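Architecture at a glance
Here are the chains, one letter per residue:
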Amino acid sequence: MSSSAQPPATAEPATAGPAAHRPATVLLTALAPAAWGTTYVVTTELLPPGHPLFAGLMRALPAGLVGLALTRVLPRGDWWWKAAVLGLLNIGGMPLLFVAAERLPGGVAATLGAAQPLLVAALAALVLRDRPTPWRLAWGVLGVAGVGLMVLGPGARLDAVGLLAGLGHTATMAGGVVLTRRWGRPAGVGPLALAGWQLTVGGLLLLPLTLAFEGVPERIGAGAAGGYLWLGSMGGLIAYTLWFRGIATLPVGAIAPLVLLSPLVATAIGVTRGESLSPSQTCGFALSLAALLAAQLNPPHRRGSTSPMTSALTIAVLGATGMVGSRITAEATARGHRVLALARKPVSGHPSVTPVPLDAADPDAVRRALTDSGAHAVVLTLRTYPADEDFLVGATRAVLDTAAGLGIRVLVIGGAGALRTPGSPDLLLADNPAYVPAELRPVAAAGVAQLDACRAHAHPDWTYLSPPVLLEPGARTARYRRGTDTLLTAPDGRSWISAEDLAAAAVDELEHPGAERHFTVVQAVTEKIPAAPRGT
């Protein structure tokens, strides 16, 4: 697919899209592994030796109870056992980290987590059907090489038990990342509640083990009390809340490399305390930092490329039997993607299309359909005529609620009424009788309300695609112009696109997301321009 021309001069500047929110999300998420990188110096310098189970207990249970007290939300239904599994993986393996911290130097113990991005990539391919891009896979390998250079510096003491404990903790955390991404979180449940559940579960699992095998240290001084407080707050509840928030909003291939911050912070702390780095260790540090930063970037893509995708997407299409939904389904499967066709009476004539009967007016049905679907994105193609604004806004919010918990993208195929008038940026098409006659104004207003619902929602990864004034079945030419939130027109002032080319633009956006939250497209060829603009 390719666009044949750049957006016209009348297009408004790009609005803030998901990419504009990502740097802040990455920075906040990165605070979690940065805090975990302090675990080693806190353990060796402040905590009583020989009590890794007690340290894990003090990091988890008090923090979890605080999280429950703050949110006052308990799991429901199958989330009781899901929270238990996630608590076991994300929190229950915590004593292994303290064993590694006691038996290995701080930098060495922390760098064992460098294998996590590769483990996450392997598990994501199996569980999420999310194959890693060559870009992130290559930087993952270089990250491991970088931390290896730090580990193999002079004076590194490699204790076998410590190594096994560190690798075990890395494996459990990798499983926790993938399953947290797979299951998301229930609608209406925030990351603080999810962190509270898991820390409580992990703490309750550690409590009998601690009492049976270790007990309470004979003496807990002021320094140890401060260490436990730090581990339970910044290294516990705060860090895991930020971590689960990041998992829900960032690609799994971007979040896993952030764990490299743990060895980098541990190594930096060692340097500030008088440890020296050899030239090879310095190179390893720089390589690890470069891998961490590069993994947050995507290699440049050419929008609309006809070359095969490096990985297939699973796309849920809500309204898959409609004019636009059916064509997006056909376009996506033609490019090798898997489609979940969500509709009242879905049909499937393609092996890559899975029909899912669904009433879009039922939020619980929407949640159930998406929760275990493994979808990377959901496309909302619902339209109503006569206008039903309450239904349209309600269905949109239901999709956004569920997608926010699962951390998947939402592409809304909206209406032209939400676009700005060329030359009059303060005038929406919905309010401009030159484009929208009175009988169609309720339909246009419903589309504007739908966009407002997206803007008001907390989910950071949604995009709203407005078609031009006229949208109707036609030929697939794969030639279109892309703009922002202002109507695009042909040289003679007319504005239209075929449903087939709108579908091509929609799948282009899913494959190679743009920077705009709200954008539009228009047909680039002018040989078959309809007689007059109509519709929204």
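Before reading on, note that the structure itself is shown above.
The sections below set out a description of the structure shown in this document. (Residues numbered from 1 in each chain as written. Predicted model: local features only at pLDDT ≥ 70, side-chain atom pairs only at ≥ 80, totals over all residues. Heavy atoms only, no water.)

**Some words on the overall build of the chain**
Assigned secondary structure in the chain consists of 19 helices and 13 strands. With 536 residues in all, the chain has 54% of them scored as buried. For the chain, the share of sequence-separated contacts (at least 6 apart) that also reach a separation of at least 24 residues comes to 83%. As displayed, the chain has an accessible area near 21,800 Å², and 64% of this comes from carbon and sulfur atoms. (Helix = DSSP H or I, 4+ residues; strand = E, 2+ residues; numbered from the N terminus. Buried < 20%, exposed > 50% of the residue type's maximum accessible area, 1.4 Å probe, protein only. Contact = heavy atoms within 4.5 Å. Areas by Shrake-Rupley, 256 points an atom, 1.4 Å probe, with all protein chains shown as cover.)

**Regarding the nonpolar core**
Burial of nonpolar side chains together is a common tendency in soluble globular proteins. One finds Trp 36, Trp 197, Leu 199, Tyr 240, Trp 243, Phe 244 and Leu 258 to be the most contacted residues of the largest nonpolar core, which totals 39 residues. Elements represented by at least two residues in this core include exactly helix 1 (18–36), helix 3 (52–71), helix 4 (79–92), helix 9 (160–183), helix 10 (191–213), helix 11 (222–249), helix 13 (261–272) and helix 14 (279–294). Counting residues per element, this core draws most heavily on helix 11, which supplies six residues. If sequence neighbours within four positions are ignored, Trp 197 has contacts with Leu 68, Val 73, Leu 74, Pro 75, Trp 79, Ala 83, Pro 186 and Val 189. Core analysis: the next-biggest nonpolar cluster, separate from the first, contains 34 residues, Ala 360, Ala 369, Ile 408 and Leu 451 among them. (Core = buried A, V, L, I, M, F, W, Y, C linked by side-chain atoms within 4.5 Å.)

**Digging into the packing of helix 3 against helix 10**
Interhelical geometry of helix 3 versus helix 10 gives an angle of 145 degrees and a closest axis separation of 6 Å. The two elements helix 3 and helix 10 cross, and the hand of that crossing is left-handed. (Axes fitted to C-alpha atoms, helices over the stretch in contact; angles between N-to-C directions. Left-handed = near helix turned anticlockwise from the far one by under 90°.)

**Focus: a negative patch on the surface**
A cluster of acidic residues, Asp 388, Glu 389, Asp 390 and Asp 452, forms a negative patch on the protein surface. Counting through the fold element by element, Asp 390 comes out in helix 17 (residues 389–406). Residue classification places Asp 390 among the exposed residues on the basis of a relative accessible area of 69%. (Patch = residues over 30% accessible without salt bridge, like charges linked within 9 Å, V, L, I, M, F, W, Y side chains within 5 Å. Salt bridge = Lys/Arg side-chain N within 4 Å of Asp/Glu carboxyl O. Lys, Arg positive; Asp, Glu negative; His and termini not counted. Charge placed at Lys NZ, Arg CZ, Asp CG, Glu CD.)

**So, the pattern of salt bridges**
Inspection of the entire model under this criterion finds 14 salt bridges. In this structure, Glu 331 and Arg 335 form a salt bridge, with 2.9 Å as the shortest nitrogen-oxygen distance. According to the relative accessible area criterion, Glu 331 is buried, its value standing at 6%. Among the salt bridges present, the one from Arg 335 reaches Asp 508, with a minimum N-O distance of 2.8 Å. Note that Arg 335 is positioned in the loop between helix 15 (323–334) and strand 3 (338–343) and Asp 508 in helix 19 (residues 499–511), a separation of 173 residues in sequence. With a relative accessible area of 0%, Asp 508 lands in the buried category. Among the charged side chains, a salt-bridge network with shared partners connects Glu 331, Arg 335, Arg 476, Asp 508 and Glu 511.

**Concerning the environment of Pro 422**
Relative to the elements of secondary structure, Pro 422 occurs in the loop between strand 7 (420–421) and strand 8 (424–428). Classification of Pro 422 by relative accessible area gives partly exposed; the value is 24%. Beyond its immediate chain neighbours, meaning those up to four positions away, Pro 422 contacts Tyr 435, Thr 486 and Leu 487.

**Quick word on helix 16 (residues 363–371)**
Those residues of helix 16 lying buried are Ala 365, Val 366, Ala 369, Leu 370 and Thr 371. The N-cap residue of helix 16 is Asp 362: its side-chain oxygen and the backbone nitrogen of Asp 364 are 3.1 Å apart. (Polar contact = N/O pair within 3.5 Å; in protein donor to acceptor, adjacent residues only side chain to side chain.)

**Brief notes about the packing of helix 4 against helix 9**
Remark: helix 4 packs on helix 9, axes separated minimally by 7 Å, with the N-to-C direction vectors making an angle of 150 degrees. By the angle between their directions, the pair helix 4 and helix 9 is classed as roughly antiparallel. For helix 4 against helix 9, the interelement crossing comes out left-handed. Across the interface between the two elements, Trp 79, Trp 81, Lys 82, Val 85, Leu 86, Leu 89 and Asn 90 from helix 4 touch Thr 172, Met 173, Gly 175, Gly 176, Val 177, Leu 179, Thr 180 and Trp 183 from helix 9. (Parallel < 35°, antiparallel > 145°, perpendicular 65-115°, else oblique.)

**Side note on the packing of aromatic side chains**
As enumerated under the stated definition, the model contains five aromatic pairs in all. Between Trp 36 and Tyr 240 the ring centres are 5.1 Å apart and the planes differ by 45 degrees, which places this aromatic pair in the tilted class. Here Trp 36 is found in helix 1, whereas its partner Tyr 240 is found in helix 11, with 204 residues between them in sequence. With respect to class, Trp 36 is no different from Tyr 240; both count as buried. Here Phe 54 and Tyr 228 contribute two aromatic rings whose centre-to-centre distance is 5.4 Å and whose plane-to-plane angle is 80 degrees, an arrangement assigned as edge-to-face. With Phe 54 in helix 3 and Tyr 228 in helix 11, the pair connects residues that are 174 residues apart, well separated along the chain. Accessibility assignment for this pair places Phe 54 and Tyr 228 in one class, buried. (Phe/Tyr/Trp six-rings, centres within 6.5 Å; stacked < 30°, edge-to-face > 60°.)

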